[in-house]
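# Structural characterization, general
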Amino acid sequence: MRFLTDFADQAVLLPLAFVVALVLAVTGWRRAAWAWALMVVVGFGSVLMLKLLVLCVPPLAAFDIRSPSGHTAGAAMVYGGLAALLPIAVRARLLIAVLVVLAVGVSRLVLGTHTPAEVILGGLLGMAALAAFCRLIGPAPTGLAVWRGLALAVLVGAAFHGHHLAAETSIRAAAYRLAVCVPDQARP
């Protein structure tokens with residue numbers, strides 16, 4: 001399960017997302033490049049804001065949410081976004097996105113890093129950002145050689161597999177430093 005969940009670590013997703021944006025811009029699909037950048041910034045920003053919010057306020061006991069799953073949200077956006085760029089049927093793209101979200105979400109549950117509610121919240125955030133991306137990109141311009149560039153992006157992501165960013169620890173430390181919340185307000 002660790003092998004699977006590592007594909008959705010920010011140490012993999014962020015370089016992959018950067019290369020995809022670059023490939024889209026360089027190959028001439030600028031509308032998709034802007035939509036991709038917007039999805040990544042707003043999507044990851046939303047996860048960050050929710051992580052800060054729940055860090056500083058008591059958990060909702062009924063929902064058991066301590067931290068939305070950034071792995072699940074990121075996988076939905078990045079891998080679902082890659083699927084959205086493929087020249088395949090819309091249903092196949094949707095199936096790929098859903099399967100990726102389910103696989104990463106289940107891996108987070110099996111590893112005990114998140115509760116079901118946190119995985120669902122992360123999945124919903126990621127899928128909402130992905131849906132906005134799909135609506136914004138428009139049809140692919142004809143004659144683009146995007147697919148070779150996207151293969152390169154996937155190789156970049158694979159090269160970073162196994163690397164980890166201590167996102168939760170960094171978010172918590174930054175929240176304390178910036179006085180977004182103070183340690184005695186945060187949950188253990």
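Now for a quick tour of the structure. (Residues numbered from 1 in each chain as written. Predicted model: local features only at pLDDT ≥ 70, side-chain atom pairs only at ≥ 80, totals over all residues. Heavy atoms only, no water.)

## Re the overall build of the chain
Within the chain one finds 8 helices and 0 strands. Helices (α) and strands (β) of the chain occur, in sequence order from the N terminus, as α-α-α-α-α-α-α-α. Per-residue burial over the chain gives 43% buried out of 188 residues. Taking the contacts inside the chain whose residues are at least 6 apart along the sequence as the reference set, 81% of them involve residues at least 24 apart. When the accessible surface of the chain is summed, it comes to about 9900 Å², and 74% of that surface belongs to carbon and sulfur atoms. (Helix = DSSP H or I, 4+ residues; strand = E, 2+ residues; numbered from the N terminus. Buried < 20%, exposed > 50% of the residue type's maximum accessible area, 1.4 Å probe, protein only. Contact = heavy atoms within 4.5 Å. Areas by Shrake-Rupley, 256 points an atom, 1.4 Å probe, with all protein chains shown as cover.)

## Topic: the packing of aromatic side chains
Taken as a whole, this structure holds 2 aromatic pairs when the rule is applied. A ring pair is formed by phenylalanine 3 and phenylalanine 7, whose centres lie 5.3 Å apart and whose planes are at 90 degrees; its orientation type is edge-to-face. A relative accessible area of 58% places phenylalanine 3 in the exposed class. Phenylalanine 7 sits in the partly exposed class, given a relative accessible area of 28%. Seen in terms of ring centroids, tryptophan 36 and phenylalanine 133 are 5.5 Å apart; in terms of plane orientation they differ by 80 degrees. Their pairing is edge-to-face. (Phe/Tyr/Trp six-rings, centres within 6.5 Å; stacked < 30°, edge-to-face > 60°.)

## Some details on the nonpolar core
In terms of nonpolar packing, the biggest core is built from 34 residues, with Val20, Leu24, Trp36, Met39, Tyr79, Leu85 and Phe133 touching the most fellow members. Of all elements in the fold, only helix H2 (10–26), helix H3 (30–56), helix H4 (70–85), helix H5 (90–110), helix H6 (116–137) and helix H7 (146–160) reach the threshold of two or more residues within this core. Per-element tally for this core: the top contributor is H2, with 9 residues. (Core = buried A, V, L, I, M, F, W, Y, C linked by side-chain atoms within 4.5 Å.)

## Description of the pattern of salt bridges
According to the stated counting rule, one finds 1 salt bridge in the structure shown. Across the pair arginine 2 and aspartate 6 runs a salt bridge whose closest N-O atoms are separated by 3.8 Å. With arginine 2 and aspartate 6 both in helix H1 (residues 2–6), this residue pair falls 4 residues apart, about one helical turn. (Salt bridge = Lys/Arg side-chain N within 4 Å of Asp/Glu carboxyl O.)

## Quick notes on the side chain of histidine 71
Checked against the element boundaries, histidine 71 lands in helix H4. Residue histidine 71 is classed as buried on the basis of its relative accessible area of 12%. Those residues within four positions of histidine 71 in sequence are excluded, and the remaining contacts are Thr5, Ala8, Asp9, Gln10, Val104 and Arg108.

## Some points on the environment of valine 156
One can find valine 156 in helix H7. C-alpha of valine 156 to C-alpha of valine 19: the two residues are 137 residues apart in sequence and 7.7 Å apart in space. Setting aside chain neighbours within four positions, we find valine 156 in contact with Pro15 and Val19.

## Thoughts on the side chain of glutamine 10
As for its position among the elements, glutamine 10 is in helix H2. Owing to a relative accessible area of 12%, glutamine 10 belongs among the buried residues under this scheme. Leave out the neighbours within four places in its chain, and glutamine 10 touches Pro15, Phe44, Gly70, His71 and Leu165.

## Considerations on H4
In this model H4 runs 22 Å from its N-terminal to its C-terminal C-alpha over 16 residues, within 8% of the 22 Å that 1.5 Å per residue would give. Summarising burial for H4: 16 of the 16 residues are buried, a large majority. (Expected span 1.5 Å × (residues − 1).)

## Some points on the packing of H5 against H6
The contact between H5 and H6 brings their axes to 10 Å, and the two run at 155 degrees. Between H5 and H6, the angle is such that the two are roughly antiparallel. The hand of the H5/H6 crossing is right-handed. Residues Ala97, Val98, Val101, Gly105, Arg108 and Leu109 of H5 form the contact with H6, whose own contacting residues are Pro116, Val119, Gly123, Met127 and Leu130. Of the residues that constitute the contact of H5 with H6, the class distribution is 8 nonpolar, 2 polar and 1 charged. (Axes fitted to C-alpha atoms, helices over the stretch in contact; angles between N-to-C directions. Parallel < 35°, antiparallel > 145°, perpendicular 65-115°, else oblique. Left-handed = near helix turned anticlockwise from the far one by under 90°. Nonpolar A, V, L, I, M, F, W, Y, C, P; charged D, E, K, R; others polar.)

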